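Listed below, chain by chain, are the residues.
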Amino acid sequence: MLSRLAEAYYWIGRYLERAEATARLLAEHHQLTVEDRSVPEDTAADVVLDALSLARADVRTPTALVKALLGDASNPSTVIGAVAAARENARAVRDALPGDVFEALNGAHLMLTRGRTAAASPGASMHRVLERLMIVDGAIEWTMARDEGHCFLSLGRGLERIDMTARLLEVRHDLVWPDTGPVATLRSAAALSPFLRTGEPPDGDHVREFLVLDPDFPRSMLHAARAAEGAVRGLQRLGGVDDGALTREVGLMRSRLEFAGSMSDPS
């Protein structure tokens, strides 16, 4: 596979994951700040902007934070920017990409850029965005051949998921909102129901352990690292990588997480 095609597939995976994770965080964090007024609005904005490495200038209210995280096509660290960047990369491989995938991604892009999201009601707006992105994910899983392109896309998605889960935990909802913050963190990762089935109390320590080390939840860092390693090994089998350097790096990341999990297990 040509390097420019491999790069495009890789960044499609990263940007799609970034858009979804940012949209979930935006919806749940806004709901938290509206319902719990015990924290100053500028502090509530700063903790998210710092975690996402976004500029803090003039973002002091929940409405301003929504606009900042929605962003525009010029900033790929925002919801609109990430979807726009994914679409541009998809255009670069359109001849090789299934038509259903491009059309679904283009639909998400058009919905965002045509102003169908409202800063006044980000919960409902982000729900529509997430529905669109899930259609894109479904089209990828249902129509893409399991070739090098899919492996590069899966690698990008797995690495971005690790990064975005780490950024979510960096917000430290449990410290700023001790009573409601841990549940907001779980909701931001679509993890509330899976976590409750573990029987553990929803406090900061258990939430962090679940999102980092749970081997079965697909948005945990450990599960994402295993998926990324699987994608790299798939590339090796298909001849998409020439040596084991990438496999060693991703495998080391996965093994460190597994070792951390074994150290935290009293059994």
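Each remark here, short or long, concerns the structure printed above.
These lines cover the structure that appears in this document, whether it is placed above or below.

Rules and cut-offs
- Residues numbered from 1 in each chain as written.
- Predicted model: local features only at pLDDT ≥ 70, side-chain atom pairs only at ≥ 80, totals over all residues.
- Heavy atoms only, no water.
- Salt bridge = Lys/Arg side-chain N within 4 Å of Asp/Glu carboxyl O.
- Helix = DSSP H or I, 4+ residues; strand = E, 2+ residues; numbered from the N terminus.
- Buried < 20%, exposed > 50% of the residue type's maximum accessible area, 1.4 Å probe, protein only.
- Axes fitted to C-alpha atoms, helices over the stretch in contact; angles between N-to-C directions.
- Left-handed = near helix turned anticlockwise from the far one by under 90°.
- Contact = heavy atoms within 4.5 Å.

**Description of the pattern of salt bridges**
Working step 1: Throughout the structure, instances matching the rule amount to 23 salt bridges.
Working step 2: Of the charged contacts in the structure, one is a salt bridge between Arg-167 and Asp-163, with a shortest N-O distance of 2.9 Å. Of this pair, Arg-167 and Asp-163 both sit in helix H7 (residues 148–171), 4 residues apart, which is roughly one turn of that helix.
Working step 3: Under the relative-accessibility criterion, Asp-163 is labelled partly exposed at 26%.
Working step 4: The structure contains a network of salt bridges with shared partners spanning Glu-17, Glu-20, Arg-24, Arg-161 and Arg-219.

**What about unusual backbone geometry?**
Working step 1: Residue Asp-58 is not a glycine yet carries a positive backbone phi of 65°.
Working step 2: Along the chain, Asp-58 falls in the loop between helix H2 (41–51) and helix H3 (62–70).
Working step 3: The backbone phi angle of Ala-190 is positive, close to 55°, even though this residue is not glycine.
Working step 4: Residue position: Ala-190 is located in the loop between helix H9 (181–188) and helix H10 (192–196).
Working step 5: For Ala-190, a relative accessible area of 37% corresponds to the partly exposed category.

**Here we look at the packing of helix H4 (residues 79–92) against helix H5 (residues 99–113)**
Working step 1: Contact geometry for H4 and H5: axes closest at 9 Å, N-to-C directions at 145°. H5 is crossed by H4, and the crossing has left-handed handedness. Touching Val-79, Ile-80, Val-83, Ala-84, Ala-86, Arg-87, Ala-90 and Arg-91 of H4 are Phe-102, Leu-105, Asn-106, Ala-108, His-109, Leu-112 and Thr-113, all from H5.

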